[in-house]
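Residue strings, one per chain:
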Amino acid sequence: MSKGLIILDPGHGRTGNPHTTRKGFYEGTQNFILAGFLRDELQSRGFDVKVTRETLDDDPELTERGGMAGRLGAVMFLSLHSNAPGTAAGPDRYPRIRGAETFYSVSDEEGNAPFARALNDAVVKAMNTEDRGIKTRRYPGDESVDYYCVMRSAAQSGCHRAFLIEHGFHTNPEDSAFLQSSECLAKLAKAEAEVIDKFLG
């Protein structure tokens, strides 16, 4: 018997957000690879899994990605990303900023916060990177809903276990080197799957 359906959302499309540390690597592609490893890990633990991007070239609308969770009756929506510094950071600081952070839906803060904490701890340990914390981000003018469209769409469709993980910075040499390795991504997927199984299994 299935432990439930999980929606994995590899952020962006094939060439979304290039790694600045090594030519030919992209946030969108590396997270697609991570999603494949995580899907396999979760399926081996008894979950059903649907990936929002079935092929590397897929790039569905954000509302479609999140809305899939409620439409299909998912128990969790997880969007996979890597980070880059904002425009406030000068180019000289770009390579020095690193670390993982996890956003969780405000639609169930009490239930989601410990889950997000465990996910972020697992990513930090697997990547040997800095802990940038767990966070919520609210929509301007309506603090009852999430800022990020994929999370907001998931929660509004009925799936309140909605998260977005920033797996380090693809602008940082150490973080990006980890994300460029399929072996490391497989290790990361196993660590995340163990947390998900603990909370949902």
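Description of the structure in this document. Sequence order sets the numbering: in each chain, residues are counted from 1 along the sequence as written. Local features are withheld for residues below a pLDDT of 70 in this predicted model, meaning they are given only at 70 or higher, and side-chain atom pairs are given and counted only at 80 or more; totals for whole chains, interfaces and linings count all residues. The side-chain numbers reported here are obtained from all heavy atoms of the structure, hydrogens and water having been left aside.

### Concerning the packing of aromatic side chains
- Note on ring pairs: Phe, Tyr and Trp rings are taken, using the six-membered ring of Trp, and paired if centres are within 6.5 Å. Classes follow the plane angle, with under 30 degrees stacked, over 60 edge-to-face and the rest tilted. The final tally for this structure, using the stated rule, is 4 aromatic pairs.
- Ring geometry for Phe115 and Phe199: centres 4.5 Å apart, planes at 5°, overall stacked. Within this pair, whereas Phe115 is found in helix 3 (residues 109–127), its partner Phe199 is found in helix 6 (residues 182–200), the two being separated by 84 residues in sequence.
- Under the relative-accessibility criterion, Phe199 is labelled partly exposed at 33%.
- Taken together, the ring pairs in this structure connect Phe103, Tyr147 and Tyr148 into an aromatic cluster.
- In this analysis the charged atom, NZ for Lys or CZ for Arg, is taken to sit over a ring once it is within 6 Å of the ring centre and within 35 degrees of the ring normal. Just above the ring of Tyr147 sits the side chain of Arg137; from NZ or CZ to the centre is 3.7 Å. In this text, helices come from DSSP runs of H or I with a minimum length of four residues, and strands from runs of E with a minimum of two, each type numbered from the N-terminal end. Think of it in three bands: with a 1.4 Å probe and only protein chains considered, a residue is buried below 20% of the maximum accessible area for its type, exposed above 50%, and partly exposed in between.

### Quick notes on the environment of Thr129
- Take Thr129: it is sitting in the loop between helix 3 and strand 5 (131–135).
- Assessed through its relative accessible area of 10%, Thr129 is described here as buried.
- Residues count as neighbours in contact if any of their non-hydrogen atoms are within 4.5 Å of one another. If we ignore the near neighbours within four places in the chain, the residues touching Thr129 are Arg98, Gly99, Ala100, Val124 and Asp175.
- Polar contacts involving the side chain of Thr129 include one to the main-chain amide nitrogen of Gly99, which spans 3.2 Å. Polar contact is defined as a pair of N or O atoms within 3.5 Å, subject to the rule that within protein one atom must be able to donate a hydrogen and the other to accept it, and that residues adjacent in sequence are counted only when both atoms are side-chain atoms.

### Re the pattern of salt bridges
- By salt bridge we mean one thing: a side-chain nitrogen of Lys or Arg within 4 Å of a carboxyl oxygen of Asp or Glu. Using the criterion set out here, one finds 14 salt bridges in the structure.
- For the salt bridge of Asp108 with Arg161, the shortest nitrogen-to-oxygen distance reads 2.7 Å. Of this pair, Asp108 sits in the loop between strand 4 (100–104) and helix 3 while Arg161 sits in the loop between helix 4 (149–156) and strand 8 (162–169), placing them 53 residues apart in sequence.
- On the basis of relative accessible area, Asp108 is assigned to the partly exposed category, the value being 25%.
- By relative accessible area, Arg161 is classed as partly exposed at 25%.
- Among the charged side chains, a network of salt bridges with common partners joins Asp9, Asp59 and Arg65.

### A closer look at helix 6
- By this rule, a helix spans an expected 1.5 Å times one less than how many residues it contains. Between its terminal C-alpha atoms helix 6 stretches 26 Å, which fits the 27 Å expected from 19 residues at 1.5 Å a residue.
- The complete set of buried residues in helix 6 reads Leu185, Leu188, Ala189, Ala191, Glu192, Ala193, Val195 and Ile196.

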